Amino acid sequence: MVVGVLLLFFGVVWSLQGSGAVGGSGMSGQAQWLVIGVFVAVVGAIMLVGGVRKLRAGEGA
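Since the structure is predicted, the reported quantities are computational estimates derived from the model, not experimental observations.

### A short note on the overall build of the chain
Next up, step 1: Along the backbone of the chain there are two helices and zero strands.
Next up, step 2: Relative to the globule expectation of 10 Å for 61 residues, the C-alpha radius of gyration of the chain, 14 Å, shows a markedly less compact shape.
Next up, step 3: Its C-alpha atoms give the chain principal-axis dimensions of roughly 45 × 15 × 15 Å.
Next up, step 4: Within the span of the chain, comprising 61 residues, buried residues form 18% of the whole.
Next up, step 5: Restricting to contacts in the chain with at least 6 residues of sequence separation, those with at least 24 account for 48%.
Next up, step 6: Of the roughly 4100 Å² of accessible surface on the chain, 72% is carried by carbon and sulfur atoms.

### What to know about the side chain of Q17
Next up, step 1: One can find Q17 in helix α1 (residues 2–19).
Next up, step 2: Among residues more than four places away in sequence, those in contact with Q17 are V22, S25, M27, S28, G29 and Q30.

### What about α1?
Each α-helix turn comprises 3.6 residues. Residues three or four places apart therefore point the same way.
Next up, step 1: Its 18 residues give α1 an end-to-end C-alpha distance of 26 Å, which sits within 8% of 26 Å, the value for a rise of 1.5 Å per residue.
Next up, step 2: Restricting attention to buried positions, one finds in α1 the residues G4, G11, S15, Q17 and G18. Each buried residue of α1 sits inside an arc of 160° when the element is viewed along its axis, so together they form one side. Seen from the buried face of α1, the exposed residues on the opposite side, beyond 90 degrees, are V2 and F9.

### A few points about the packing of aromatic side chains
Next up, step 1: One pass over the full model with this rule turns up three aromatic pairs.
Next up, step 2: For the pair F9 and F10, a centre-to-centre distance of 5.4 Å together with 70° between the ring planes defines the contact as edge-to-face.
Next up, step 3: With a relative accessible area of 38%, F10 lands in the partly exposed category.
Next up, step 4: Between W14 and W33, the aromatic rings sit 5.6 Å apart at their centres with planes inclined by 65°, giving edge-to-face as the arrangement. In this pair, W14 is assigned in helix α1 and W33 in helix α2 (residues 31–57), connecting sequence segments 19 residues apart.
Next up, step 5: Here W14 falls in the partly exposed class, since its relative accessible area comes to 25%.
Next up, step 6: Residue W33 is classed as partly exposed on the basis of its relative accessible area of 25%.
Next up, step 7: Here a set of aromatic residues connected by ring pairs shows up, and it is made of F9, F10, W14 and W33.

Conventions adopted
- Residues numbered from 1 in each chain as written.
- Predicted model: local features only at pLDDT ≥ 70, side-chain atom pairs only at ≥ 80, totals over all residues.
- Heavy atoms only, no water.
- Helix = DSSP H or I, 4+ residues; strand = E, 2+ residues; numbered from the N terminus.
- Rg over C-alpha atoms; globule rule 2.2 N^0.38 Å.
- Buried < 20%, exposed > 50% of the residue type's maximum accessible area, 1.4 Å probe, protein only.
- Contact = heavy atoms within 4.5 Å.
- Areas by Shrake-Rupley, 256 points an atom, 1.4 Å probe, with all protein chains shown as cover.
- Expected span 1.5 Å × (residues − 1).
- Arc of directions from axis to C-beta.
- Phe/Tyr/Trp six-rings, centres within 6.5 Å; stacked < 30°, edge-to-face > 60°.

Encoded structure:
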């Protein structure tokens, strides 16, 4: 779940930088970082949801 949270966080940041909403880096305003960020955020969200489901089912920890 920790990896899922980290991927989700970095994916959102990269998406915001790629879209130009967050400036101050070489990634700002670059469309490829928007696409990469969305992909990474989706993968992170899937991992996070999977981890939560395992915990609720009593399989994780």
